[in-house]
Amino acid sequence: MTEKQLIKLEAEKKRMYEMFSYEREYSDYEYICGIDEVGRGPFAGPVVACAVILPKDCDILYLNDSKKLSEKKREELFTEIKEKAVSYGIGIVSEKVIDEINILNATYEAMRQAINNLTVKPDILLNDAVTIPGVDIKQVPIIKGDAKSASIAAASIVAKVTRDHMMEEFDLIYPGYEFYKNKGYGTKAHRDALKKIGPCEIHRRTFIKNHI
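Anyway, here's the lowdown on the structure attached to this text. (Residues numbered from 1 in each chain as written. Predicted model: local features only at pLDDT ≥ 70, side-chain atom pairs only at ≥ 80, totals over all residues. Heavy atoms only, no water.)

### Some words on the overall build of the chain
Stage number 1. Of regular secondary structure, the chain possesses nine helices and five strands.
Stage number 2. Shown N-terminal to C-terminal, the secondary structure of the chain runs as helices and strands in the order α-α-β-β-α-β-α-α-β-β-α-α-α-α.
Stage number 3. Computed over its C-alpha atoms, the radius of gyration of the chain comes to 18 Å, within 12% of the 17 Å expected for a compact globule of 212 residues.
Stage number 4. Counting only C-alpha atoms, the chain reaches 55 × 50 × 25 Å along its principal axes.
Stage number 5. Per element, the accessible surface of the chain, about 10,700 Å² overall, is 53% carbon and sulfur. (Helix = DSSP H or I, 4+ residues; strand = E, 2+ residues; numbered from the N terminus. Rg over C-alpha atoms; globule rule 2.2 N^0.38 Å. Areas by Shrake-Rupley, 256 points an atom, 1.4 Å probe, with all protein chains shown as cover.)

Rendered as structure tokens:
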């Protein structure tokens, strides 16, 4: 390893030490769980949440807000997080339910599902900005938590990659909207496709009513 690479590695280790500051603050709790979601804004597809419990001696580097990472790095971390986590759970709420109960309530439901899909019950939840109704576990909402807490960052990465994979599969079923590229978000090509071919099965009717 070159001197430049060593300096970069040391800087990353220092950054990750800071990313575990909330985990250290609540270290009296055995199972600390980070929670985040992805897919609030798209025109199509589900909202996906993830809950992740990292081990106390976690040695994963490069955890960050999933939006700040390259697709390649997200995929690498997705695999590493799933391998090293004490437990992780995924929650998925469809576009139909989003239209019925609104995106905020659908997000809460996805988060509750993610918690319930863990194999161990968390002692404390570190949430990205929100307090989840109907959960009987201590919650700590952290503004921009996916950039401040390693556990929330890990959850954001797993949620993002899970949803991206789903949207790539939907692209094969519903071609023409570029879901493989835009992941359901309202890009110009996506809006043009809506005007040209109309909505498909997985479009959120409450989101696209002004675009069709």
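Having seen it, we continue.
### Brief notes about the packing of helix H3 (residues 71–84) against helix H6 (residues 150–173)
Stage number 1. At a minimum axis distance of 9 Å, the contact between H3 and H6 shows a crossing angle of 110°. Classified by the angle their axes make, H3 and H6 are roughly perpendicular. Viewed along their axes, H3 and H6 form a crossing whose handedness is left-handed. Of the residues in H6, those touching H3 at Glu-71, Arg-74, Glu-75, Leu-77, Phe-78 and Ile-81 are Ala-154, Ile-157, Val-158, Lys-160, Val-161, Thr-162, Asp-164, His-165 and Glu-168.
Stage number 2. Residue composition of the contact of H3 with H6, grouped by class: seven nonpolar, two polar and six charged. (Axes fitted to C-alpha atoms, helices over the stretch in contact; angles between N-to-C directions. Parallel < 35°, antiparallel > 145°, perpendicular 65-115°, else oblique. Left-handed = near helix turned anticlockwise from the far one by under 90°. Contact = heavy atoms within 4.5 Å. Nonpolar A, V, L, I, M, F, W, Y, C, P; charged D, E, K, R; others polar.)

### Quick notes on the pattern of salt bridges
Stage number 1. Tallied over the entire structure, the rule returns 18 salt bridges.
Stage number 2. A salt bridge links Lys-160 to Asp-164, with the nearest nitrogen and oxygen atoms 3.3 Å apart. Of this pair, Lys-160 and Asp-164 both sit in helix H6, four residues apart, which is roughly one turn of that helix. Each member of the pair, Lys-160 as well as Asp-164, carries the same accessibility label: buried.
Stage number 3. What emerges from the salt-bridge pattern is a single network uniting Asp-59, Glu-80 and Lys-84. (Salt bridge = Lys/Arg side-chain N within 4 Å of Asp/Glu carboxyl O. Buried < 20%, exposed > 50% of the residue type's maximum accessible area, 1.4 Å probe, protein only.)

### Description of the environment of Asp-59
Stage number 1. Positionally, Asp-59 belongs in the loop between strand S2 (47–53) and H3.
Stage number 2. In this structure the C-alpha to C-alpha distance between Asp-59 and Asp-128, which are 69 residues apart in sequence, comes to 22 Å.
Stage number 3. A polar side-chain atom of Asp-59 sits 3.0 Å from a polar atom in the side chain of Lys-84. (Polar contact = N/O pair within 3.5 Å; in protein donor to acceptor, adjacent residues only side chain to side chain.)

### With respect to helix H5 (residues 103–116)
Stage number 1. Taking 1.5 Å as the rise per residue, H5 with 14 residues should run 20 Å; its terminal C-alpha atoms sit 20 Å apart, in good agreement.
Stage number 2. Structurally, H5 contributes buried residues whose contacts are with strand S1 (32–38), S2, strand S3 (87–93), helix H4 (95–101) and strand S4 (124–128). (Expected span 1.5 Å × (residues − 1).)

### Notes on empty space enclosed by the protein
In this approach a probe as big as a water molecule rolls over the atoms, and the regions it shows empty are the leftover space.
Stage number 1. On inspection of all chains with the given rule, the structure shows one cavity of 30 Å³ or more.
Stage number 2. Space inside the largest cavity adds up to approximately 30 Å³.
Stage number 3. Lining the largest cavity are Glu-71, Arg-74, Glu-75, Val-161, Asp-164 and Glu-168.
Stage number 4. Among the elements of the structure, H3 and H6 are those that each provide at least two residues to the lining of the largest cavity.
Stage number 5. Its residues placed into classes, the lining of the largest cavity shows one nonpolar, no polar and five charged. (1 Å grid on protein atoms, 1.4 Å probe; cavity = no way out; pocket = protein on both sides within 12 Å on 5 of 7 lines; lining within 4 Å. Points joined across faces, edges and corners; volume = space filled by probe spheres on them.)

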